[in-house]
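One letter stands for each residue in the lines below.
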Amino acid sequence: MLDFAVNVRPGGPPAWLTDRLAARLPDLGSYPSQADERRATGAVAARHGRSAEEVALLAGGAEGFALLPGLRPRLAALIAPSFTEPEAVLAAAGVPIQHVVLPSPFTLAGADVPDDADLVVIGNPTNPTGVLHRRTDILALRRPGRLLVVDEAFADGIPGEAESLASDPLPDVVVLRSLTKTWALAGLRVGYALGAPEVLARLTAPRPHWPLGTLQLEAIAAAGSPEAVVEAGTRAQSLARLRSAMTAGLAGLGLSVVAGDAPFVLFTVPDAELMRKHLESKGIAVRRCDTFVGLPENYLRAAVRPEWPALIDAMTEVLQ
């Protein structure tokens, strides 16, 4: 299918990256080395101007969410609509949860976070809304005794990584990053956390030895290289141009499109289920959104792809 549902770079990883990973295949008979770990950690630290102690390498950004219950929060406030994984892992661990639902247009203006929440999780840009919150608005959520976790899984898809907190060494802010989207590495599971050393030590305490394999460490080191950062920045600029054209196409159909900057677009249709079934019959997949807390059933999300005119053409048939 023409997949607008998954926000992973189409076409697979770039050739230089697969070549670099392939060169490490003969090393798989040995356990991951400390040198590999230091190289990957150093690449991430240099990329964000952090110390190595402020970096925790992860098996995908989602592992960072899976580790949150180990911090033993008393009350977690989840800014919604947002990625559903934090709710799943915290609820499974018996952590009390309160959703802070943002009304359309899904900005932080007037967000009512409980004062006693000692853990707040927010996406920036937020999935599925695509809204890019201002740094100042996110930092306004800080309180004494509270840890703020910012999911920046799509931050490297934003030109200039605008509004990112990845390079800010704040004692009460943890930033989670994923490398699976930009580099098409969803099957390898690679990401990292940035935060105060003592917080990261508590976060990663339950992990087993060798939590990441050799290829994962190599991928993190490769994606953190200066050349890769430049390439990601160039791609982000291209995605921004595509997004503008795609949103104009959706608006041209008379649809309401949520203002955002992420490499995906949230929009409303009169009948989301009918639209999804019709698109499926045309070999096109989009993301349903009625599974997100705070979104009515008439929303759909579509990844930004060069093939967006095919999506517009198929949708036109239903709307007419």
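Residues numbered from 1 in each chain as written. Predicted model: local features only at pLDDT ≥ 70, side-chain atom pairs only at ≥ 80, totals over all residues. Heavy atoms only, no water.

Colleague: I'd like to hear about the sheet that holds strand 3 (residues 76–80), residue by residue, with values.
Modeller: Ordered by their spatial adjacency, seven strands build an open sheet running 2-8-7-6-5-3-4, and the pairing between neighbours is mixed. Edge strands, defined here as strands with exactly one partner in the open sheet, are strand 2 (55–58) and strand 4 (97–101). Taken over all neighbouring pairs, the strand axes of this sheet differ in orientation by 20° on average, direction set aside. Pairing of strand 5 (residues 119–123) with strand 6 (residues 147–151) involves five bridges; the strand directions are parallel. Looking at strand 6, one finds that Val120 is bridged to Leu148. (Pairing = 2+ DSSP bridges. Helix = DSSP H or I, 4+ residues; strand = E, 2+ residues; numbered from the N terminus. Axes fitted to C-alpha atoms, helices over the stretch in contact; angles between N-to-C directions.)

Colleague: Got a sec to walk through the domain arrangement of the protein? Specific residues and values, please.
Modeller: Domain boundaries assigned for the protein yield domain 1 (2–10 + 229–317) and domain 2 (15–228). Computed from C-alpha atoms alone, the centre-to-centre distance between domain 1 and domain 2 is 24 Å. Counting residues at the interface gives 26 residues for domain 1, matched by 38 residues for domain 2. With both sides pooled, the region where domain 1 packs onto domain 2 buries about 2,400 Å², and carbon together with sulfur makes up 65% of that total. Where domain 1 touches domain 2, the interface holds 15 residue pairs in polar contact (both at pLDDT 80 or more). Elements supplying a minimum of two residues to the side of domain 1 that touches domain 2: helix 8 (226–252), strand 9 (264–268) and strand 12 (299–303). Here the element with the most residues in the side of domain 1 that touches domain 2 is helix 8; it accounts for eight residues. Class assignment for the residues of the side of domain 1 that touches domain 2 results in 16 nonpolar, five polar and five charged. (Domains from an automatic or database assignment. Contact = heavy atoms within 4.5 Å. Buried area = accessible area lost by both parts, 1.4 Å probe. Polar contact = N/O pair within 3.5 Å; in protein donor to acceptor, adjacent residues only side chain to side chain. Nonpolar A, V, L, I, M, F, W, Y, C, P; charged D, E, K, R; others polar.)

Colleague: So what's going on with the environment of Ala248? Which residues, and what values?
Modeller: Structurally, Ala248 can be placed in helix 8. Spatially, the C-alpha atoms of Ala248 and Pro26 are 49 Å apart, while their sequence positions differ by 222 residues.

Colleague: Can you break down empty space enclosed by the protein residue by residue, with the values?
Modeller: Taken as a whole and assessed by the stated rule, the structure comprises three cavities of 30 Å³ or more. Counted as a void, the largest cavity has a volume near 180 Å³. As for the largest cavity, its lining consists of 22 residues, of which Ile79, Ser82, Phe83, Thr84 and Pro86 are closest to the centre. Of all elements in the fold, only strand 3, helix 4 (85–92) and strand 5 reach the threshold of two or more residues within the lining of the largest cavity. Grouping the constituent residues of the lining of the largest cavity by class yields 14 nonpolar, six polar and two charged. Of the volumes computed, that of the second largest cavity is approximately 50 Å³. What lines the second largest cavity is Arg47, Asp156, Arg177, Leu179, Trp183, Tyr192, Ala223, Val229 and Ala232. (1 Å grid on protein atoms, 1.4 Å probe; cavity = no way out; pocket = protein on both sides within 12 Å on 5 of 7 lines; lining within 4 Å. Points joined across faces, edges and corners; volume = space filled by probe spheres on them.)

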